[in-house]
Amino acid sequence: MSTPLTTRYGLARLLAAGLVALFFAALTPLMQTAQAQGTSASQNPAIQSVITQQLDAFRRDDGPGAFSHASPSIQMMFQSHQRFMAMVQRGYAPIYRSAEAKFLELDTVNGRLIQKVLIRGADGRVVVAAYDMIQVDGIWRINGCQILEAGAAA
């Protein structure tokens, strides 16, 4: 029996959101704090560079490039850059087609390193994105992103 396309995608989104939540809950004890990683609580050029490179890759529709900045666990969850890009297109439009990004504070929240970025999408929508950052073999990777606030176009 075939399922309507919209129902299938709705269920897939719900399943993906649940998997992301479970994944982060399981990883929290394993993640290092900012002090253990030797990271300043105010700014880290290496973290900013990774986020900037991923934003640039999204703008160019460079799926492999954008996917390469995701943590191994995010890569394992999506299995391919095509699935990853489809998720970002559907759920994170201002990030997928950002016109401008301004780095805000870098915080440690519940032992996780969070880089906040003010992003203006190509459509003028302004959001604050909170990037969950981890180091894998000494390289910064994006371990998730949450849109915290939405504002009017600037």
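A short tour of the structure in this document, coming up. All values derive from a computational prediction rather than experimental measurement. (Residues numbered from 1 in each chain as written. Predicted model: local features only at pLDDT ≥ 70, side-chain atom pairs only at ≥ 80, totals over all residues. Heavy atoms only, no water.)

Attention shifts here to the packing of aromatic side chains. Taken as a whole and assessed by the stated rule, the structure comprises four aromatic pairs. Arranged with centres 6.0 Å apart and planes meeting at 50°, the rings of Phe 58 and Tyr 96 form a pair that is tilted. Within this pair, whereas Phe 58 is found in helix H2 (residues 45–59), its partner Tyr 96 is found in helix H6 (residues 93–96), the two being separated by 38 residues in sequence. Neither residue differs from the other here; Phe 58 and Tyr 96 are each classed as buried. Through successive ring pairs, a cluster of aromatic residues spans Phe 58, Phe 67, Phe 78, Phe 84 and Tyr 96. (Phe/Tyr/Trp six-rings, centres within 6.5 Å; stacked < 30°, edge-to-face > 60°. Helix = DSSP H or I, 4+ residues; strand = E, 2+ residues; numbered from the N terminus. Buried < 20%, exposed > 50% of the residue type's maximum accessible area, 1.4 Å probe, protein only.)

What follows is about unusual backbone geometry. Even without a glycine there, the phi angle at Asp 61 is positive, about 60°. On the secondary structure map, Asp 61 appears in the loop between H2 and helix H3 (63–68). Given the relative accessible area of 45%, Asp 61 is considered partly exposed. Despite not being glycine, Gln 79 shows a phi value in the positive range, around 70°. Residue position: Gln 79 is located in the loop between helix H4 (72–78) and helix H5 (81–91). Residue Gln 79 is classed as exposed on the basis of its relative accessible area, which comes to 54%.

Let's shift gears to the side chain of His 69. With respect to the element layout, His 69 can be found in the loop between H3 and H4. For His 69, a relative accessible area of 14% translates into the label buried. Aside from chain neighbours lying at most four places away, what touches His 69 is Val 50, Gln 53, Gln 54, Arg 141 and Ile 142. (Contact = heavy atoms within 4.5 Å.)

As a further point, take the pairing of strand E3 (residues 126–136). Across the 11 residues of E3, nine count as buried, placing the element largely inside the fold. The hairpin turn running from strand E2 (residues 112–121) into E3, its antiparallel successor, is four residues long, and Gly 124 in that turn takes a positive phi close to 95°. (Pairing = 2+ DSSP bridges.)

Moving on, we get to the nonpolar core. Side chains of a nonpolar character, in soluble globular proteins, are inclined to be buried together. Judged by nonpolar contacts, the single largest core of 26 residues is most densely connected at Ile 51, Phe 58, Phe 84, Ile 119, Tyr 131 and Met 133. In this structure Phe 84 touches Gln 54, Phe 58, Ala 66, Phe 67, Ile 74 and Phe 78, once residues within four positions along its chain are discounted. (Core = buried A, V, L, I, M, F, W, Y, C linked by side-chain atoms within 4.5 Å.)

With 15 residues, H2 ought to run about 21 Å at 1.5 Å a step, and its terminal C-alpha atoms sit 21 Å apart, in line with that. Along H2, the positions that sit buried rather than exposed are Ile 47, Gln 48, Val 50, Ile 51, Gln 54, Leu 55, Ala 57 and Phe 58. Of the residues trailing H2, Asp 61 is marked for its positive phi of about 60°. (Expected span 1.5 Å × (residues − 1).)

So, on to the side chain of Arg 141. Inspection of the secondary structure puts Arg 141 in strand E4 (residues 139–151). Polar side-chain contacts of Arg 141 include one of 3.5 Å to the backbone oxygen of Ser 68. Polar contacts involving the side chain of Arg 141 include one to the main-chain carbonyl oxygen of Ala 70, which spans 3.2 Å. Ignoring any residue separated from it by four or fewer positions in sequence, one finds Arg 141 in contact with Ser 68, His 69, Ala 70, Ser 71, Pro 72, Gln 75, Asp 132, Met 133, Ile 134 and Val 136. (Polar contact = N/O pair within 3.5 Å; in protein donor to acceptor, adjacent residues only side chain to side chain.)

Right, let's get into the environment of Leu 148. Residue position: Leu 148 is located in strand E4. Look at Leu 148 and you get partly exposed, because its relative accessible area is 40%. Measuring from C-alpha to C-alpha, the distance between Leu 148 and Lys 116 comes to 9.0 Å, with 32 residues separating the pair along the chain.

Among all positions in H5, only Phe 84, Met 85 and Val 88 are buried. Buried residues along H5 cover an arc of 95° about the axis, so they all sit on one side. Exposed side chains of H5 directed beyond 90 degrees from the buried face belong to Gln 82 and Arg 83. In this structure, the buried residues of H5 make contact with H2, H3, H4 and H6. (Arc of directions from axis to C-beta.)

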